[in-house]
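# Inside the fold
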Amino acid sequence: MLSQPDQPAGRRLQLRPTPVSEIALASHLPLLRPDSLDSSVRDELASHHADALVVADFGRLIPEPWLWLCPGGSLNIHASLLPRWRGAAPIARAIEAGDLTGGCTLMLMDAGLDTGDILAQESFSFTPDETAASAQDRLAPVGTDLLLRYLSDFDPKHPSRQPQDETRACYAPALHKDEAPVDWHDPADQVAAKIRAFNPRPVATTRCGDDTLRLWQAQAHAMQTAEPAGKVLRCDRTGLWVACGEGQVQITELQRAGSRRMSAQDFCNARPLAGLQLA
């Protein structure tokens, strides 16, 4: 198995193995954790005479010639229904865009960014309150099952493959902190979708006076209001209700900087926000 080197983690920045490394070590499997992908690593991989390489969230560019070290090529599990949402953040961008369906794709890797031929796909419906975190947890076993089913009947010499339709391709760039602030002038469905898409990271934010609030969960509602966008309409056991450019957003989980995540009911009990303006 090939994985990234151990990485510093936690407050003390102690080196910890990746999940792949942990599994390999626990199962006494051959494991490579190189600092660079040089010719010695390539030769070691080739020496195992595997039918195919399986790549999942490796986080490093694999040299193009390496993709065909094995007769069956290199297989990659991607968390979208390609060609929709190629790139680093397919789950989050799908939720942010309001997609009702996502899924997993097993593809044959090539030199492009998630442009390889499709080998198998499994669709997946997002729930109305789906966050990127919950979708990732639910998609993980879907992708695993898809890979195992494909490998159980795998023919490296004649893999079934379907080219991607380039006219349907769109991209899912990584989420950045500078995207986190919510624009309350947007329609409520867009605001709520963004809040859910940015959970667990980098987390959507808004300003309330001198405080920054982190927003973790929200739903959109169509009822209109004459109040300006960003106005807190009410704050009660049902949530924090905020006016948007169109409709209202019901925030049900949030966090004050330096504090813990909590339900909107607990938050509002400690600090009533009704009538305040968010920005």
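We now turn to the structure provided with this report. As the structure is a prediction and not an experimental result, all values here were calculated from the model.

Residue P83 follows L82 across a cis peptide bond; omega there is 15°. Relative to the helices and strands, P83 is located in the loop between β4 (74–78) and α3 (90–96). With omega at 5°, the peptide bond leading from R201 into P202 counts as cis. Relative to the helices and strands, P202 resides in the loop between α5 (188–197) and β7 (204–208). Positioned with a positive phi, L13 is a non-glycine residue whose angle comes to about 55°. Take L13: it is sitting in the loop between β1 (7–9) and β2 (14–16). A positive phi angle is found at D114, which is not glycine, with a value near 55°. Looking at the element boundaries, D114 is found in the loop between β5 (101–108) and β6 (117–125).

Below, the discussion takes up the nonpolar core. In this structure, L106, W184, L215, L240, V249, I251 and L254 are the most contacted members of the largest nonpolar core, which totals 54 residues. For this core, the leading source of residues is helix α4 (residues 132–152), giving seven residues. Setting aside anything within four residues of it in sequence, one finds V249 in contact with W184, A188, V191, A192, A218, Q219, L240, W241, V242 and C244. Counting 12 residues, the second-largest nonpolar core is a separate cluster that includes V41, L45, L53 and V55.

Quick look at the sheet that holds strand β3 (residues 53–55) now. With respect to topology, four strands assemble into an open sheet ordered β3-β4-β5-β6, the strand pairing being mixed. Each edge of the sheet is formed by a strand with only one pairing partner; in this case those strands are β3 and β6. Across this sheet, the average inter-strand angle for adjacent strands is 15°, counted without regard to direction. Here β3 runs beside β4; their pairing, made up of three bridges, is parallel. Considered in β4, the bridge of V55 is made with N76. Strands β3, β4, β5 and β6 of the sheet are contacted by α4, whose axis makes an angle of about 140° with β6.

About the criteria used
- Residues numbered from 1 in each chain as written.
- Predicted model: local features only at pLDDT ≥ 70, side-chain atom pairs only at ≥ 80, totals over all residues.
- Heavy atoms only, no water.
- Helix = DSSP H or I, 4+ residues; strand = E, 2+ residues; numbered from the N terminus.
- Core = buried A, V, L, I, M, F, W, Y, C linked by side-chain atoms within 4.5 Å.
- Buried < 20%, exposed > 50% of the residue type's maximum accessible area, 1.4 Å probe, protein only.
- Contact = heavy atoms within 4.5 Å.
- Pairing = 2+ DSSP bridges.
- Axes fitted to C-alpha atoms, helices over the stretch in contact; angles between N-to-C directions.

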